[in-house]
Amino acid sequence: MITEFFIVLFGAAGGCLLSVLVGLIGSRRNIGFTLSFLLSLLFTPLVGLIFTLLSDPKPGAEQSFGCVGTLLGIIGGLLFVSALLLLMGIGTTLLVC
């Protein structure tokens, strides 16, 4: 019961953080922050990233995000990995029982 709660919590938090990261990437492109963020939330951050990278970049938008993008990517990735590890732990527990 508690483990399922943590899977949902870590998965949702990781998905939201990675969606914000895709939105930040989209803010430098014609698709914009809002549409790339919503696509990432609606589907997955990977699908949102693909749509975002397929759009044309805005002219003169070559500035970097600094450490914010890296930090969001690391935290979101760690939350996703922890949710997957919890899922694998539940799967092995169910197979053993």
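Residues numbered from 1 in each chain as written. Predicted model: local features only at pLDDT ≥ 70, side-chain atom pairs only at ≥ 80, totals over all residues. Heavy atoms only, no water.

Explain the overall build of the protein chain to me, using residue names and the numbers behind them.
When you go through the protein chain residue by residue, the secondary structure sums to four helices and zero strands. In the protein chain, the succession of helices and strands from N to C terminus is α-α-α-α. Scored against the burial criterion, the 97 residues of the protein chain give a buried share of 27%. Considering only contacts within the protein chain whose residues lie at least 6 apart along the sequence, 72% involve residues at least 24 apart. For the protein chain, the accessible surface area stands at approximately 6,400 Å², while carbon and sulfur atoms represent 79% of it. (Helix = DSSP H or I, 4+ residues; strand = E, 2+ residues; numbered from the N terminus. Buried < 20%, exposed > 50% of the residue type's maximum accessible area, 1.4 Å probe, protein only. Contact = heavy atoms within 4.5 Å. Areas by Shrake-Rupley, 256 points an atom, 1.4 Å probe, with all protein chains shown as cover.)

So what's going on with the packing of aromatic side chains? Residues and values would help.
Counted by the stated rule, this structure contains one aromatic pair. Aromatic pair Phe33 and Phe37: ring centres 5.7 Å apart, planes at 10°, arrangement stacked. Residue Phe33 and its partner Phe37 are located together in helix 2 (residues 32-42), separated by four residues, close to a single helical turn. For Phe33, a relative accessible area of 34% gives the class partly exposed. (Phe/Tyr/Trp six-rings, centres within 6.5 Å; stacked < 30°, edge-to-face > 60°.)

Explain helix 2 to me, and be specific about the residues and the numbers.
Those residues of helix 2 lying buried are Gly32, Ser36, Leu39 and Ser40. In a view along the axis of helix 2, the buried residues occupy a sector of 100°, so they form one face of it. Of the residues in helix 2, the exposed ones pointing more than 90 degrees away from the buried face are Thr34 and Leu42. (Arc of directions from axis to C-beta.)

Please set out the side chain of Ser19 residue by residue, giving values where relevant.
Structurally, Ser19 is set in helix 1 (residues 2-26). A distance of 2.8 Å separates the side chain of Ser19 from the backbone oxygen of Gly15, its partner in a polar contact. Here Ser19 is in contact with Phe37, Ser40, Leu41 and Pro45, once residues within four sequence places are set aside. (Polar contact = N/O pair within 3.5 Å; in protein donor to acceptor, adjacent residues only side chain to side chain.)

Describe the side chain of Thr52, listing the residues and the values that go with them.
Structurally, Thr52 is set in helix 3 (residues 45-54). If we ignore the near neighbours within four places in the chain, the residues touching Thr52 are Val22, Ile25, Gly26, Arg29, Ile31 and Ser36.

Which residues make up the packing of helix 2 against helix 3, and what values do they have?
Packed helices, taken two at a time, are described by their axes: the angle between them and the distance between them. Contact geometry for helix 2 and helix 3: axes closest at 6 Å, N-to-C directions at 150°. Taken as a pair, helix 2 and helix 3 cross one another with a handedness that is right-handed. Facing helix 2, whose interface residues are Ser36, Leu39 and Ser40, helix 3 presents Pro45, Gly48, Leu49, Phe51 and Thr52. Split by residue class, the contact of helix 2 with helix 3 holds four nonpolar, four polar and no charged. (Axes fitted to C-alpha atoms, helices over the stretch in contact; angles between N-to-C directions. Left-handed = near helix turned anticlockwise from the far one by under 90°. Nonpolar A, V, L, I, M, F, W, Y, C, P; charged D, E, K, R; others polar.)

Everything listed here is a matter of geometry and, on its own, says nothing about what the molecule does.
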